[in-house]
Amino acid sequence: MSAAPQIFTATSAYSLGFVTAVGIAAYIAAKSLLPKNASWQDRVTFIWLAFDGIIHYTLEGSFLYYSMFGRQVNTSSGPMAQMWKEYALADSRWGTADPTIVSLEILTVFGVGTMCFYVLKQLIQRDPARHYWIVVLSTSELYGGWMTFCPEWLTGSPSLDTSNALFLWVYLVFMNIIWVFIPLWLMYDSYGHIAKSLRLTQVTADAKKS
C-alpha cells in the first residue's frame, strides 16, 4: 500500500514563514514611523497597509513575472515560483497563468499596491485625505476578491482543491478572507471620519447663513 502524500511540506513552511515575516516587518514599521500619539485605528491601518503593499509588490509581483509573456508558474523555477506552485495546489488557476487572474493581479500590484504606500505616506503625515483613498483602495480589494472567486463558484469550482484542511482553511479561506474583513472595517472607519467632517462642514456653513 502506497504512503499517503505529504500535505504540509518544507515549501508550505517557508511560504507561511514569508507571510509571517512580512507581518512582523509591517508591525516594526508602524512602531518606527507613526507618531507615539497615533490612535490604535491608525496603527492597525498602517500595519495592514504595509503588510498589504509588501505582499502585493513582492509575492503577487512575482506571480506576474512568472505568468506573463508566455511564462507560467508551473514551468518556472526559483523560491517564489515554488511558493506559487504550493498555492496552485489549492487553486490551479495560479499555476497556469489564467487570464482573468493575471488581469486582476496587474491592477492589484500596480494600482492597489501603489495606493497602499501612498496611504502609508499620508498616515505618517497625518493627512486626513487618506480616508478617501482608503475607501477607494478597500473597494478595489473587495472587487478583486469577488472577481477572483465568483466566476469559479459559478462554474462549480473546478480549479479548487478543498480535500484537506491546509488547502481549504489556510490557503483558500484564511489567506483570502482577511482581504474581505479588514477592507470592510477600513471602509467603515473611514466612512465615519468622512461623514463626521462633512456634517461639521454643513453645520458650519448653515450657521454662517443664519
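For the structure, check the block above.
Thresholds applied
- Residues numbered from 1 in each chain as written.
- Predicted model: local features only at pLDDT ≥ 70, side-chain atom pairs only at ≥ 80, totals over all residues.
- Heavy atoms only, no water.
- Phe/Tyr/Trp six-rings, centres within 6.5 Å; stacked < 30°, edge-to-face > 60°.
- Helix = DSSP H or I, 4+ residues; strand = E, 2+ residues; numbered from the N terminus.
- Buried < 20%, exposed > 50% of the residue type's maximum accessible area, 1.4 Å probe, protein only.
- Lys NZ or Arg CZ within 6 Å of the ring centre and 35° of its normal.
- Salt bridge = Lys/Arg side-chain N within 4 Å of Asp/Glu carboxyl O.

(A) Summary view of the packing of aromatic side chains. For the structure on display, the rule yields 17 aromatic pairs. Look at Phe63 and Trp84: their rings are 5.2 Å apart centre to centre, the planes differ by 55°, and that puts the pair in the tilted class. Of the two residues, Phe63 sits in helix H2 (residues 40–67) while Trp84 sits in helix H3 (residues 79–88), which places them 21 residues apart along the sequence. By the burial criterion, Phe63 is buried, and Trp84 matches it. Note that Arg71 overlies the ring of Tyr65, its terminal NZ or CZ placed 4.3 Å from the centroid. Over the face of the ring belonging to Phe149 we find Arg93, whose NZ or CZ atom lies 5.9 Å from the ring centre.

(B) Region of the structure containing the pattern of salt bridges. Summed over the entire model, instances satisfying the criterion amount to three salt bridges. A salt bridge links Asp42 to Arg130; the nearest nitrogen and oxygen atoms lie 3.3 Å apart. With Asp42 in helix H2 and Arg130 in helix H5 (residues 130–154), the pair connects residues that are 88 residues apart, well separated along the chain. The exposure classification of Asp42 matches that of Arg130, with both residues buried. Its salt-bridge partner being Asp91, residue Arg93 comes within 2.7 Å of it at the nearest N-O pair. Here Asp91 falls in the buried class, since its relative accessible area comes to 0%. Through salt bridges with shared partners, a single network forms among Asp91, Arg93 and Glu152.

Shape is all these values report; function is a separate question.
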